Amino acid sequence: MGNREMLARGYRLHSETGTVRDRRHRRARVLTIANNKGGVGKSTTVVNLAAELASRDYRVLVVDLDSQGHAGRGLGRVARTRSVTVHDVLRRLDASLEDGVVETLDPGVDLLPADGNFDGDVHVSDPCRLARALDEIVWHYDVVLIDTPPSVPRLLVAALMASEAVLIPALLDDLSIDGVTRFMRTFHEVVTGHNAALGTALIVPMRVDTRSALQRAALDELGRRFGRDRVSAGIRIDIGLSEAFARRRPLRAFRRASRAVADFADLADQVLRLLGEELIRMPAPDEVAAVETTD
Ligand SMILES: Nc1ncnc2c1ncn2[C@@H]1O[C@H](COP(=O)(O)OP(=O)(O)OP(=O)(O)O)[C@@H](O)[C@H]1O
Ligand SMILES: [Mg+2]
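Report follows, based on the coordinates.

Description of the packing of helix α7 (residues 153-161) against helix α8 (residues 174-193)
1) Next: It is at 10 Å that the axes of α7 and α8 come closest, and there the two elements cross at 50°. Taken together, the axes of α7 and α8 lie oblique to each other. Crossing handedness for the pair α7 and α8: right-handed. Together, Leu-156, Val-157, Leu-160 and Met-161 of α7 and Phe-183, Thr-186 and Val-190 of α8 make up the contact between the two elements.
2) Next: Partitioned by chemical class, the residues of the contact of α7 with α8 number 6 nonpolar, 1 polar and no charged.

Below you can see the structure in the form of structure tokens.
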């Protein structure tokens with residue numbers, strides 16, 4: 001089987017190495033990005049991590065579970081009028097997520113847009129429904145990133161039920177540590193009560209300023225409470241991230257040589273390590289040759 005035919009059958013060409021890899025039968029790894037506190041950098045993390053992973057040739061689906069629609073806005077897309085939104089599956093049994101997926105300007109990043117009129121605490125009666133609906137489309141992607149709203153407990157639980165890991169963007173101050181501690185309680189309740197597959201929580205410090213003694217103290221405290229390996233190096237303060245939202249693009253789309261882009265690359269490395277080897281592994285060219293001769 002030649003490369004062209006392999007691509008037609010759902011194999012993917014790796015743009016830098018020119019190799020083809022088989023990802024047809026692999027289920028996407030699903031991560032929720034959450035923190036009950038508002039304005040800590042959840043949507044920023046979703047948009048920029050999605051772009052970073054896609055630049056490495058992973059197929060990424062962003063699920064915008066926040067009716068504010070910020071993740072969609074950061075990727076330059078909102079729901080088309082009357083098209084399916086991710087929130088429809090939480091309201092209606094017959095809605096299919098596949099109908100709601102839209103492409104973004106970033107190759108490799110698709111979006112399930114949010115419904116601006118959705119009230120999560122009224123409409124989410126079955127916390128497993130999102131997980132079941134996502135099951136239909138996870139086969140088309142390598143990674144699914146779910147952006148969640150602050151303070152909508154039922155939507156948060158629905159997202160966690162669908163996920164195997166959670167990233168918790170957090171500012172480095174006292175109040176924030178309190179918020180993370182509360183969030184961890186919800187996380188453990190979901191793990192022990194409902195979804196044992198939800199294995200990993202990684203705290204992502206946001207707006208990091210290494211010169212600040214207060215921040216260093218907060219970082220130490222997070223490490224003491226939750227374990228150092230549960231706290232990433234985080235994302236340094238970078239005004240470009242706000243500018244990127246205003247331009248409705250991930251930062252790496254127009255300023256690749258910035259510190260936040262470098263930090264999101266490090267975060268992507270850590271996330272891929274957490275999710276396990278098989279997601280990182282690229283077949284060497286001789287493995288591709290082996291596929292060609294055996295079919
Ligand atoms: N590392 C950073 N450096 C500078 N600004 C940042 C950084 N991270 C996030 N911001 C800015 O902080 C603001 C809030 O970020 P964002 O919207 O991602 O937070 P959120 O947690 O999703 O908020 P909400 O709870 O309302 O959904 C945005 O203006 C964003 O550009
Ligand atoms: Mg947000």
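Overview of the packing of α8 against helix α9 (residues 213-226)
1) Next: At a minimum axis distance of 11 Å, the contact between α8 and α9 shows a crossing angle of 20°. Relative to α9, α8 is oriented roughly parallel. α9 is crossed by α8, and the crossing has right-handed handedness. Counted together, Ile-177, Val-180, Thr-181 and Met-184 of α8 and Ala-218, Glu-221, Leu-222, Arg-225 and Phe-226 of α9 form the full contact between these two elements.

A look at the site of ligand 1
1) Next: The full set close to ligand 1 counts 19 residues, and Lys-42, Ser-43, Thr-44, Arg-207 and Asp-238 are the nearest of them.
2) Next: Interatomic distance of 2.9 Å between a backbone N/O atom of Asp-238 and a nitrogen atom of ligand 1.
3) Next: Between an oxygen atom of ligand 1 and a side-chain N or O atom of Ser-242, the distance comes to 3.0 Å.
4) Next: Notes on ligand 1: free accessible area 630 Å², of which the protein chains cover 87%.
5) Next: Here ligand 1 is seated within the largest pocket.
6) Next: Secondary structure elements with two or more residues in the shell around ligand 1: α2 (42-55), β9 (200-208), β10 (235-236) and α10 (240-247).
7) Next: Along the lines of polarity and charge, the residues of the shell around ligand 1 split into 7 nonpolar, 7 polar and 5 charged.

Remarks on the pairing of strand β7 (residues 143-147)
1) Next: Burial runs high along β7: 5 of the 5 residues are buried.
2) Next: Here strand β3 (residues 29-33) runs beside β7; their pairing, made up of 5 bridges, is parallel. Along β7, the bridge assignment pairs Val-30 with Val-144.
3) Next: Where strand β4 (residues 60-64) meets β7, 5 bridges bridge the pair, whose relative direction is parallel. Looking across to β7, one finds that Val-60 is bridged to Val-143.

Considering the sheet that holds β3
1) Next: With mixed pairing, 8 strands are arranged side by side in an open sheet as β5-β6-β4-β7-β3-β8-β9-β10. Every other strand in the sheet has two partners, leaving β5 (102-103) and β10 as the edge strands with one partner each.
2) Next: One ladder, built from 2 bridges, connects β5 with strand β6 (residues 109-112); its direction is antiparallel. When the sheet's bridge partners are listed, Glu-103 is paired in β6 with Asp-110.

Definitions and limits used
Residues numbered from 1 in each chain as written. Chains lettered and ligands numbered in written order. Predicted model: local features only at pLDDT ≥ 70, side-chain atom pairs only at ≥ 80, totals over all residues. Heavy atoms only, no water. Axes fitted to C-alpha atoms, helices over the stretch in contact; angles between N-to-C directions. Helix = DSSP H or I, 4+ residues; strand = E, 2+ residues; numbered from the N terminus. Parallel < 35°, antiparallel > 145°, perpendicular 65-115°, else oblique. Left-handed = near helix turned anticlockwise from the far one by under 90°. Contact = heavy atoms within 4.5 Å. Nonpolar A, V, L, I, M, F, W, Y, C, P; charged D, E, K, R; others polar. Near = heavy atom within 4 Å. Polar contact = N/O pair within 3.5 Å; in protein donor to acceptor, adjacent residues only side chain to side chain. Areas by Shrake-Rupley, 256 points an atom, 1.4 Å probe, with all protein chains shown as cover. 1 Å grid on protein atoms, 1.4 Å probe; cavity = no way out; pocket = protein on both sides within 12 Å on 5 of 7 lines; lining within 4 Å. Sits in = over half its atoms within 2 Å of the grid points. Buried < 20%, exposed > 50% of the residue type's maximum accessible area, 1.4 Å probe, protein only. Pairing = 2+ DSSP bridges.

Keep in mind these values describe shape, not function.
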